[in-house]
Amino acid sequence: MLDSVLHFFEQIDPVLAALLATMFTWGLTAFGASFVFFFKSMNRVVLDGMLGFTGGVMVAASFWSLLAPAIEMSEGDGFIKVIPAALGFLLGAFFIFGLDKVLPHLHLNFKETEGIKSPWQRTTLLVLAITLHNIPEGLAVGVLFGGVAAGIPEASIAGAVTLAIGIGIQNFPEGIAVSMPLRRMGMSRWKSFMYGQSSALVEPIAGVLGAVAVTFFTPILPYALAFAAGAMIFVVVEEVIPETQQDKNTDIATLGFIGGFIVMMMLDVALG
């Protein structure tokens, strides 16, 4: 099955491959959001464990799929070799930091509003928060496919597909984390689902932009990979992990994080 998937992606244009792969990651977000049709709420212990899993996947993907290849493909030795990854990582973190301060959004706990003050409804602010988090995920997948198009040896279809699978897996609980709170607020099942799945629509856009950018500007690939990693780590530390600490389920969330890290590490090493 996996061999057939890899063969399919090897036969098509890498930019189209980036679009299809990120459509898959969006689809799993929609699948998670669809649970709102069957449940009005989810046990907080389960949700914290799933969010912890999400954080583990993102951290593992940031290193195994993004930072390590960025360092490997950089020229030079010693400190010179790691400069592109370090600089890209820093820029990625500052990019999300800047958006976090400017874009109005509401944290999952419905208590902390950040960004420029806005009259927008809380539902819109919540969706914007998750959308903000999905930008680096789509970008990461697209950049890897762009590296394949550019003929970079360290970038492979298998690695890009593996990353898309990992991102898709962790998108599933994100869809639940958006739609379920909206349903509890009294929103209809259909509207809760639409808001939940729409938060990941930015991933195909970011994926295509990342692939196209690297295709035309090949030298930026190490910086772009590290940029996506820095953005993802910022999201995990600033939002995902703190959200799992709101209740008394810190041990469950931590075990979920460990599980997510192991799953993504095994996927990347075994398949990528």
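All figures in this text were calculated on a predicted structure; none of them were measured in a lab.

(A) Summary view of the nonpolar core. Ranked by size, the top nonpolar core spans 47 residues in total, and within it Phe-9, Leu-66, Phe-145, Leu-163 and Leu-225 carry the most contacts. Of all the secondary structure elements, the ones that give two or more residues to this core are α1 (2-11), α2 (14-33), α3 (44-73), α4 (78-102), α5 (122-149), α6 (157-184), α8 (202-216) and α9 (221-244). With 12 residues, the single largest contributor to this core is α9. Apart from the residues within four sequence positions on either side, Leu-66 is in contact with Ala-61, Ala-140, Leu-163, Leu-225, Ala-228, Ala-229 and Met-232. In terms of nonpolar packing, the next biggest core, distinct from the first, is built from seven residues, Leu-47, Ile-176, Ala-177 and Met-180 among them.

(B) Geometry of the packing of α3 against α6. Look at α3 against α6: their axes get within 9 Å of each other, and the N-to-C directions meet at 155°. As summarised for this structure, α3 and α6 are arranged roughly antiparallel, according to the angle between their axes. Remark: the crossing between α3 and α6 carries left-handed chirality. Residues Leu-47, Met-50, Leu-51, Phe-53, Thr-54, Val-57, Met-58, Ala-61, Ser-65 and Leu-66 of α3 form the contact with α6, whose own contacting residues are Leu-163, Gly-166, Ile-169, Gln-170, Phe-172, Pro-173, Glu-174, Ile-176 and Ala-177.

Definitions and limits used
Residues numbered from 1 in each chain as written. Predicted model: local features only at pLDDT ≥ 70, side-chain atom pairs only at ≥ 80, totals over all residues. Heavy atoms only, no water. Core = buried A, V, L, I, M, F, W, Y, C linked by side-chain atoms within 4.5 Å. Buried < 20%, exposed > 50% of the residue type's maximum accessible area, 1.4 Å probe, protein only. Helix = DSSP H or I, 4+ residues; strand = E, 2+ residues; numbered from the N terminus. Contact = heavy atoms within 4.5 Å. Axes fitted to C-alpha atoms, helices over the stretch in contact; angles between N-to-C directions. Parallel < 35°, antiparallel > 145°, perpendicular 65-115°, else oblique. Left-handed = near helix turned anticlockwise from the far one by under 90°.

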